[in-house]
Amino acid sequence: MQALSIAAVAVVVGIASAAGVVGFHLWDAAATIQDNAVDIGNDGDPALPPGLGEIEGGVNVLLVGTDSCEGQDLALFPRCGIDDDGGERNDVTMLVHISDAPRRVTVVSIPRDTFVPIAECQDADGNTAGGGTDRINSSYMYGGLPCTVRTVEELTGEDIQFAAAIRWTGVINLSDAVGGVDVCVQGDISDRHTGLALSAGTHTLQGQQALQFLRIRHGIGDGSDLGRISNQQQFMSSLVRKLKGDAVFGDAGKLLNFANVAMTQVREKQLVLDKQLANPTRMAQIAMALKDVPFEDIVFVQYPAAYSGSGLVPISSAADALFAALRENRPLQLTGDASGGFGVEVTGEVPDTAAPDPAATAPAPTATEGSEALPSDTAVELPSSIPGQNASQVTCTVPQK
């Protein structure tokens, strides 16, 4: 079944999390989300400080979108149960890396058909599952969110502290709460698989239409999942600009509305959080760490992979360069085009007028292993096999030729 976007999960973890600062006392939210939380095996439960503030240090949050038909409106998804084998898969897998000071955010989308080693996991009945090599989107089917977390940790070498998963109806309801996101298409597109039809130009999408845009791959780019990832990154980049432009983090009424919608998705099992993320205070701390990150330091990239005779396989050397740069907290400079030719083109740039003065927060020079001392704000040029964009770049979807 087609992938859904994780953009709405980012809304939950970022926007609704920030709502914890002003409004979680209005609900029995902590009990609600803990009752539906899962254990991903992260170590301990660090004590929370008595007051609210940014989460200390850097964190990794895994966000996945699944293809389950459970709880879905069959009028909206008539092919539910027809195209699948009954398993729930992580058709969207995104690792959100939030660095320590200076704060930077990198969202790494892992193509769903990438063949990777799947971690050994326990299924719902307590039996050993997984192991071997398979498409990464099978990891959720083998052992739920904990299995996907372990698989991504082994693939990237990163420790994942928090994780969340969302289903289709959750995406629809949360995009409605956002009030619409502007997207651009260079020519008319029509896709019978998702039901989306858009004319050339800019459109404000929400609800079912937003989900269709996030799922579409037929009719755009090269028709592949890589093009769909680029399309999703256009949506998320526009979403970031909208939220900052509307000053959402400073509007208590909007935050309360988002939080209410998010908690409804948890109760209706359209949103799942891990036990540590399912804490309103901690969620708020993560959101507060994001609020001042400039557009240029919010970067969306595709995990490097290429098609071979056996399918889509990782490009290990490029992945190593990406994650080394993240561990050193270096700015990222993309060297390829916005999507590697897969779906979107850059059409403009939006300056972040609300960004802090970088000179006021510039860190002291640091040294990296095997190199001369360099300032930590020296950008790392990523291999051209890692396409993507930052939040300051305006992109437009290219119809399939």
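Residues numbered from 1 in each chain as written. Predicted model: local features only at pLDDT ≥ 70, side-chain atom pairs only at ≥ 80, totals over all residues. Heavy atoms only, no water.

Novice: Give me the lowdown on the pairing of strand S9 (residues 181-185), citing residues and values where you can.
Specialist: Judged by how many residues are buried, S9 sits mostly within the fold: four of five residues are covered. Bridge count for S9 against strand S12 (residues 201-205) is five bridges, and the pairing is antiparallel. The partner of Val 183 across the bridge, within S12, is His 203. (Buried < 20%, exposed > 50% of the residue type's maximum accessible area, 1.4 Å probe, protein only. Helix = DSSP H or I, 4+ residues; strand = E, 2+ residues; numbered from the N terminus. Pairing = 2+ DSSP bridges.)

Novice: Quick one: what's the story with the environment of Gly 144, residue by residue and with numbers?
Specialist: With respect to the element layout, Gly 144 can be found in helix H3 (residues 139-156). For Gly 144, a relative accessible area of 18% translates into the label buried. Along the sequence, Gly 144 and Arg 89 sit 55 residues apart, while their C-alpha atoms lie 8.4 Å from each other.

Novice: Hey, could you go over the sheet that holds strand S2 (residues 90-98) for me, with residue numbers and the actual values?
Specialist: Spatially, S13-S8-S1-S2-S3-S14-S20 is the arrangement adopted by the seven strands of the open sheet, whose pairing is mixed. At either margin of the open sheet sits one strand with a lone partner, and together these are strand S13 (271-273) and strand S20 (388-390). The mean angle between the axes of side-by-side strands here comes to 15 degrees, regardless of whether they run parallel or antiparallel. Relative to strand S3 (residues 105-109), S2 runs antiparallel, the two being bridged by five bridges. Bridge pairing in S3 links Met 94 to Ser 109. (Axes fitted to C-alpha atoms, helices over the stretch in contact; angles between N-to-C directions.)

Novice: Describe helix H6 (residues 225-245), naming the residues involved and giving the relevant values.
Specialist: In an α-helix, one turn spans 3.6 residues; hence positions three or four apart end up facing the same way. Its 21 residues place the ends of H6 30 Å apart at the C-alpha level, agreeing with the 30 Å of an ideal helix rising 1.5 Å per residue. Along H6, 18 of the 21 residues are buried, which leaves the element largely enclosed by surrounding structure. (Expected span 1.5 Å × (residues − 1).)

Novice: Can you explain the state of the cysteines? Please cite residues and give values.
Specialist: A covalent bond between the sulfur atoms of two cysteines is what we call a disulfide. If you walk through the whole model with that rule in mind, you get two disulfides. Each disulfide pairs two cysteine sulfurs, and for Cys 121 the partner residue is Cys 147, the sulfurs being separated by 2.0 Å. An S-S torsion of about 75 degrees defines the bridge between Cys 121 and Cys 147 as right-handed. Here Cys 147 lies in helix H3 and Cys 121 lies in strand S5 (residues 120-122), a separation of 26 residues in the sequence. Comparing Cys 121 with Cys 147, the two get one shared label, buried. The partner cysteine of Cys 184 in its disulfide is Cys 396, sulfur to sulfur 1.9 Å. (Disulfide = S-S within 2.5 Å.)

Novice: Explain the packing of aromatic side chains to me, using residue names and the numbers behind them.
Specialist: Summed over the entire model, instances satisfying the criterion amount to two aromatic pairs. Taking 6.5 Å as the distance between ring centres and 35 degrees as the angle between the ring planes, the aromatic pair formed by Phe 213 and Phe 235 counts as tilted. Taken together, the residues Phe 213 in helix H5 (residues 207-215) and Phe 235 in helix H6 connect sequence positions 22 residues apart. Aromatic side chains Tyr 303 and Phe 323 sit 6.4 Å apart centroid to centroid with 45 degrees between the ring planes, which places their arrangement in the tilted category. You can see Tyr 303 sitting in the loop between strand S14 (298-302) and strand S15 (305-308) and its partner Phe 323 sitting in helix H9 (residues 316-327), a full 20 residues away along the chain. The exposure class assigned to Tyr 303 is buried, which follows from its relative accessible area of 4%. (Phe/Tyr/Trp six-rings, centres within 6.5 Å; stacked < 30°, edge-to-face > 60°.)

Novice: Go over the confidence of the model for the chain, please, and point to the residues and values.
Specialist: Looking at the chain as a whole, the pLDDT averages 80, with 75% of positions reaching at least 70. Note that pLDDT drops below 50 for residues 1-9; the model gives that stretch 59 contacts with residues more than four away or on any other chain. A low-confidence stretch, residues 358-373 stays under pLDDT 50, and its non-local contacts, those more than four residues away or across chains, total 12 contacts. (pLDDT = per-residue confidence, 0-100. Contact = heavy atoms within 4.5 Å.)

Novice: I'd like a description of the pattern of salt bridges, backed by residues and values.
Specialist: On inspection of all chains with the given rule, the structure shows nine salt bridges. Across the pair Arg 89 and Asp 67 runs a salt bridge whose closest N-O atoms are separated by 3.0 Å. You can see Arg 89 sitting in the loop between strand S1 (59-66) and S2 and its partner Asp 67 sitting in the loop between S1 and S2, a full 22 residues away along the chain. Among the residues examined, Arg 89 registers a relative accessible area of 12% and is labelled buried. Assessed through its relative accessible area of 2%, Asp 67 is described here as buried. Ionic pairing is found between Arg 112 and Asp 91, a salt bridge with its closest N-O pair at 3.4 Å. Residue Arg 112 is found in the loop between S3 and strand S4 (115-117), and its partner Asp 91 is found in strand S2; the two are separated by 21 residues along the sequence. Judged by its relative accessible area of 11%, Arg 112 is buried. (Salt bridge = Lys/Arg side-chain N within 4 Å of Asp/Glu carboxyl O.)

Novice: Kindly report on H9, identifying the contributing residues and their values.
Specialist: With 12 residues, H9 extends 16 Å between its outermost C-alpha atoms, agreeing within 8% with the 16 Å of an ideal straight helix rising 1.5 Å per residue. Those residues of H9 not exposed but buried are Ala 318, Ala 319, Leu 322, Phe 323, Ala 325 and Leu 326. Projected down its long axis, H9 carries its buried residues within an arc of 155 degrees, all on one side. Along H9, exposed side chains directed more than 90 degrees from the buried face belong to Ser 317 and Asp 320. Buried residues belonging to H9 abut S2, S3, H3, S14, strand S17 (332-333) and strand S19 (380-381). Two residues or fewer after H9 comes Asn 329, characterised by a positive phi angle close to 55 degrees. (Arc of directions from axis to C-beta.)

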